[in-house]
Amino acid sequence: MKSVIVNKPEQKEIRVDINLPASKSLSNRLLLIEALAQKQKKQSGYTFHNLSTANDTLVMQRLLQEAKEGAILDVEDAGTVMRFMTAYCAVNNLSVILTGTYRMQERPIGDLVDALNQLGAQIEYMKRPGYPPIKIRGFVQRYPKVTLSSGVSSQFLSALLMVAPTLPHGLEIHIEGFLRSRSYVEMTLRLMEYFGVKTEWKGDVIKVEPQEYALRDYTVEPDWSAAGYWYSIAALAPFAHITLNGLTDNSWQGDRRLVELMRPMGVYTTFTPQGAVLTKTDELGELEIDFIDNPDLAQTFVVLAAAKGIELEAYGLESLRVKETDRIRALQNELMSLGYWLDEKHNGEWKLVKVSKRNAGTMPVFDTYKDHRMAMAFAPLALKLGKVKINDPEVVKKSYPHFWEDLQKAGFKLEFTNQ
Ligand SMILES: O=C(O)C1=C[C@@H](OP(=O)(O)O)[C@@H](O)[C@H](O)C1
Ligand SMILES: C=C(OP(=O)(O)O)C(=O)O
């Protein structure tokens, strides 16, 4: 197994300028909207700048090409690609099979398939009902209305919304139950609006009339979820002056909430024309955070709180069970070497509890469970523990391919090994 040993920088102050990866969420929406718009009418004279080079976005680009031929499309481990391509292929009458990694075949898609089949698609499960792989063929829009359960993933709603204006009758989506990760739905609607599509959201109903997308120039923002790892580094370093180039206060990403959430963790954000500058400030001893809109920040905070000995009460972690890995289980396993346990209470609350002393004599080794966020959430702990070993470091390519290079730029010493 490949791994990397991360040694803390020699200097006390972390002073660095970082070019974060571009947002994969914005990039994948952009690519989907582009493909939908091009199907409506030929579009030209626009340029997309700063598209993500993360694997999830490379997969999205590849599959949009491959879908034209009709084929077996492998989404690998990209959730947005699985969900967005399902809606895209279904409503465009593309006969394809959509599949992915072993883990992707454990990530639910039933609520989206139900909604699309209600509308007039023909989607079948090839193995287990409710999960990929799925076979898609044939579409005639039977109804202009659809009911969608959105308690598992907001990606289902985002997928339906983006295809909605291209449908002959448009779409009225009735959201059933609890809406998780709402900030990502808002991101979808803002991008649709930017490209000329009007939507109306009242209570639990979103209405989209048939409309044409109009493509124009767009620059993808740096990724706020990736910024979280630099906030952790700032929080754990004795002194920090970290500039995250191009990151602005006015963002379409819900994870911009880091600015407020990280303040009690001891990180102060100033926005300058160059980007967001992270410096140190006083920290609090206890924190309560609801991650319902920001599930991708959960690992960052849980690991950081354990490293700092901050008492954390967390809510909204349920969807972590169906991400790249069961992130709750993965956190529980890996936090044990720090002497912590993430304890589930009965009312949707999670508490980080200290259960034992850390064995100070050994270098902690962290497994990453094919989950990029496990690797990036644990790597900053080198600042506290001197050195840590992270297994399977290549996982970061899903969202932040140059993460390890950026750590080196900040002064961390890395040793890549094959054991
Ligand atoms: O729409 C998106 O781009 C995303 C939505 C979220 O997923 P869920 O809606 O499944 O929570 C998030 O965790 C994922 O990384 C990206
Ligand atoms: C959950 C994530 O991605 P996805 O659902 O798109 O695979 C993530 O990036 O943390």
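Note that this is a predicted model, so its numbers are computed, not measured.

Conventions adopted
- Residues numbered from 1 in each chain as written.
- Chains lettered and ligands numbered in written order.
- Predicted model: local features only at pLDDT ≥ 70, side-chain atom pairs only at ≥ 80, totals over all residues.
- Heavy atoms only, no water.
- Helix = DSSP H or I, 4+ residues; strand = E, 2+ residues; numbered from the N terminus.
- Expected span 1.5 Å × (residues − 1).
- Domains from an automatic or database assignment.
- Contact = heavy atoms within 4.5 Å.
- Buried area = accessible area lost by both parts, 1.4 Å probe.
- Near = heavy atom within 4 Å.
- Polar contact = N/O pair within 3.5 Å; in protein donor to acceptor, adjacent residues only side chain to side chain.
- Areas by Shrake-Rupley, 256 points an atom, 1.4 Å probe, with all protein chains shown as cover.
- Nonpolar A, V, L, I, M, F, W, Y, C, P; charged D, E, K, R; others polar.
- Buried < 20%, exposed > 50% of the residue type's maximum accessible area, 1.4 Å probe, protein only.
- Pairing = 2+ DSSP bridges.
- Salt bridge = Lys/Arg side-chain N within 4 Å of Asp/Glu carboxyl O.
- UniProt positions renumbered as here; feature names shortened; annotations may be inferred.

## Regarding helix H2 (residues 55–69)
For step 1, the next point in the chain: An ideal rise of 1.5 Å per residue puts 21 Å on 15 residues; H2 measures up with 22 Å between its terminal C-alpha atoms.
For step 2, the next point in the chain: Downstream of H2 by one or two residues, Gly70 has phi in the positive range, about 70°.

## Some remarks on the domain arrangement of the chain
For step 1, the next point in the chain: Assigned domains of the chain: these are domain 1 (2–21 + 222–418) and domain 2 (24–219).
For step 2, the next point in the chain: The gap between the C-alpha centroids of domain 1 and domain 2 is 30 Å.
For step 3, the next point in the chain: If you look at the interface, domain 1 gives 28 residues, while domain 2 gives 25 residues.
For step 4, the next point in the chain: Ranking the residues of domain 1 by area buried against domain 2 places Trp252, Val322 and Lys398 at the top, with a combined share of 38%.

## A closer look at the site of ligand 1
For step 1, the next point in the chain: Taken together, Lys24, Ser25, Arg29, Thr80, Ser153, Ser154, Gln155, Ser181, Tyr184, Pro295, Asp296 and Lys323 make up the full set of residues near ligand 1.
For step 2, the next point in the chain: A distance of 2.6 Å separates an oxygen atom of ligand 1 from a polar side-chain atom of Ser153.
For step 3, the next point in the chain: Taking 390 Å² as the accessible area of ligand 1 by itself, protein coverage stands at 96%.
For step 4, the next point in the chain: Per element, the largest residue contribution to the shell around ligand 1 is three residues, and it comes from helix H1 (residues 24–40).
For step 5, the next point in the chain: The class makeup of the residues in the shell around ligand 1 is two nonpolar, six polar and four charged.
For step 6, the next point in the chain: Structurally, the shell around ligand 1 is a two-domain feature, drawing no fewer than three residues from each of domain 1 (2–21 + 222–418) and domain 2 (24–219).

## A few points about unusual backbone geometry
For step 1, the next point in the chain: Going from Pro132 to Pro133, the amide bond is cis rather than trans, its omega being 5°.
For step 2, the next point in the chain: Among the structural elements, Pro133 can be located in the loop between strand E6 (121–125) and strand E7 (134–139).
For step 3, the next point in the chain: Notably, Asn93 is not glycine yet its phi reads approximately 60°, a positive angle.
For step 4, the next point in the chain: Inspection of the secondary structure puts Asn93 in the loop between helix H3 (79–91) and strand E5 (96–99).
For step 5, the next point in the chain: A positive phi angle, close to 55°, is found at Lys370, a residue other than glycine.
For step 6, the next point in the chain: Structurally, Lys370 is set in the loop between strand E20 (365–366) and helix H11 (372–378).
For step 7, the next point in the chain: Judged by its relative accessible area of 63%, Lys370 falls in the exposed class.

## Section: the environment of Val75
For step 1, the next point in the chain: Within the secondary structure, Val75 is located in the loop between strand E4 (72–74) and H3.
For step 2, the next point in the chain: When the C-alpha atoms of Val75 and Pro132 are compared, they prove to be 10 Å apart, with 57 residues separating the residues in sequence.
For step 3, the next point in the chain: In this structure Val75 touches Val59, Leu63, Val81, Met82, Leu98, Thr99, Gly100 and Met104, once residues within four positions along its chain are discounted.

## Structural notes on the side chain of Gln43
For step 1, the next point in the chain: Mapped onto the fold, Gln43 is located in the loop between H1 and strand E3 (48–49).
For step 2, the next point in the chain: Note on Gln43: relative accessible area 9%, which makes it buried.

## Comments concerning the sheet that holds strand E22 (residues 413–417)
For step 1, the next point in the chain: Taken together, the four strands give an open sheet; going across it, the order is E20-E21-E1-E22, and neighbouring strands pair in mixed fashion. Strand pairing shows two members of the sheet lacking a second neighbour, E20 and E22, which therefore form its edges.
For step 2, the next point in the chain: With two bridges joining them, E20 and strand E21 (residues 387–391) adopt parallel strand pairing. Pairing of Phe366 across the sheet is with Ile390, part of E21.

## Brief notes about the pattern of salt bridges
For step 1, the next point in the chain: Applying the stated criterion across every chain yields a total of 25 salt bridges.
For step 2, the next point in the chain: A salt bridge links Glu13 to Arg15; the nearest nitrogen and oxygen atoms lie 3.2 Å apart.
For step 3, the next point in the chain: On the basis of relative accessible area, Glu13 is assigned to the partly exposed category, the value being 31%.
For step 4, the next point in the chain: Glu106 serves as the salt-bridge partner of Arg103, at 3.0 Å between the closest nitrogen and oxygen.

## Some details on the UniProt feature "binding site: phosphoenolpyruvate" (unreviewed entry) in the chain
For step 1, the next point in the chain: Cross-referencing UniProt, the feature "binding site: phosphoenolpyruvate" (unreviewed entry) maps to Lys24, Gly79, Arg107, Gln155, Arg327, Arg373 and Lys398 in the present numbering.
For step 2, the next point in the chain: If you trace the backbone, Gly79 turns up in helix H3.
For step 3, the next point in the chain: Residue classification places Gly79 among the buried positions, given a relative accessible area of 4%.
For step 4, the next point in the chain: In contact with Gly79, other than residues within four places in its own chain, are Met104, Arg107, Gln155 and Lys398.
For step 5, the next point in the chain: Within the secondary structure, Arg327 is located in helix H10 (residues 327–335).
For step 6, the next point in the chain: Taking relative accessible area as the criterion, Arg327 reaches 0% and is therefore assigned buried.
For step 7, the next point in the chain: Residues within four places of Arg327 in sequence aside, it is in contact with Asp296, Gln299, Leu320, Arg321, Asp371, His372 and Arg373.
For step 8, the next point in the chain: Here the side chain of Arg327 touches Glu324 through a polar contact of 2.9 Å, side chain to side chain.

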